[in-house]
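Fold and geometry: a report
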Amino acid sequence: AAPAARLKSKIVKQVGFEIDESRGVQLGQDFAHTRAGQLRAPSDSYAAPVPETGLFVVPVAGAWGLTGRCVLRQTQPLQVTVVGLVRELEVGDD
């Protein structure tokens with residue numbers, strides 16, 4: 001049988017955070033490269049931000065290795081509900 005993917009080298013290409021009814025979330029590949037998980041635009045009249053629900057995809061500049069990391073930072077004194085986490089990766093041959 002083939003060895004488990006966990007034991008193989010891999011590159012994480014992107015990470016998806018499934019967030020439920022949260023706001024003030026920043027996502028990124030590390031704390032130096034985060035971006036807001038929610039966007040506001042003139043079309044919403046810059047009204048008070050509403051909690052966001054959905055899948056937020058974060059591109060990751062990965063490197064070959066056994067682990068891959070990403071971060072989620074809460075910038076407001078509110079709760080965050082992370083329902084799921086998905087990684088898109090490329091698995092090596094070793």
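Residues numbered from 1 in each chain as written. Predicted model: local features only at pLDDT ≥ 70, side-chain atom pairs only at ≥ 80, totals over all residues. Heavy atoms only, no water.

Some remarks on the confidence of the model for the protein chain
Averaged over the protein chain, the pLDDT score is 78; the fraction of residues at 70 or greater is 78%. Within the protein chain, strand E3 (residues 34-36) has the poorest average pLDDT of any element, 82, and strand E5 (residues 71-74) the best, 88. (pLDDT = per-residue confidence, 0-100. Helix = DSSP H or I, 4+ residues; strand = E, 2+ residues; numbered from the N terminus.)

Thoughts on the sheet that holds E3
Adjacent strands of a sheet pair through backbone hydrogen bonds, lying either parallel or antiparallel. One open sheet accounts for three strands, arranged E3-E2-E5; its pairing is antiparallel. Here the strands that pair on one side only, and so sit at the sheet edges, are E3 and E5. On average, adjacent strands in this sheet sit at an angle of 30° to one another, irrespective of strand direction. Sheet topology places strand E2 (residues 25-28) next to E3; three bridges connect them, and they run antiparallel. Counted as the bridge partner of Leu-27 is Arg-35 from E3. (Pairing = 2+ DSSP bridges. Axes fitted to C-alpha atoms, helices over the stretch in contact; angles between N-to-C directions.)

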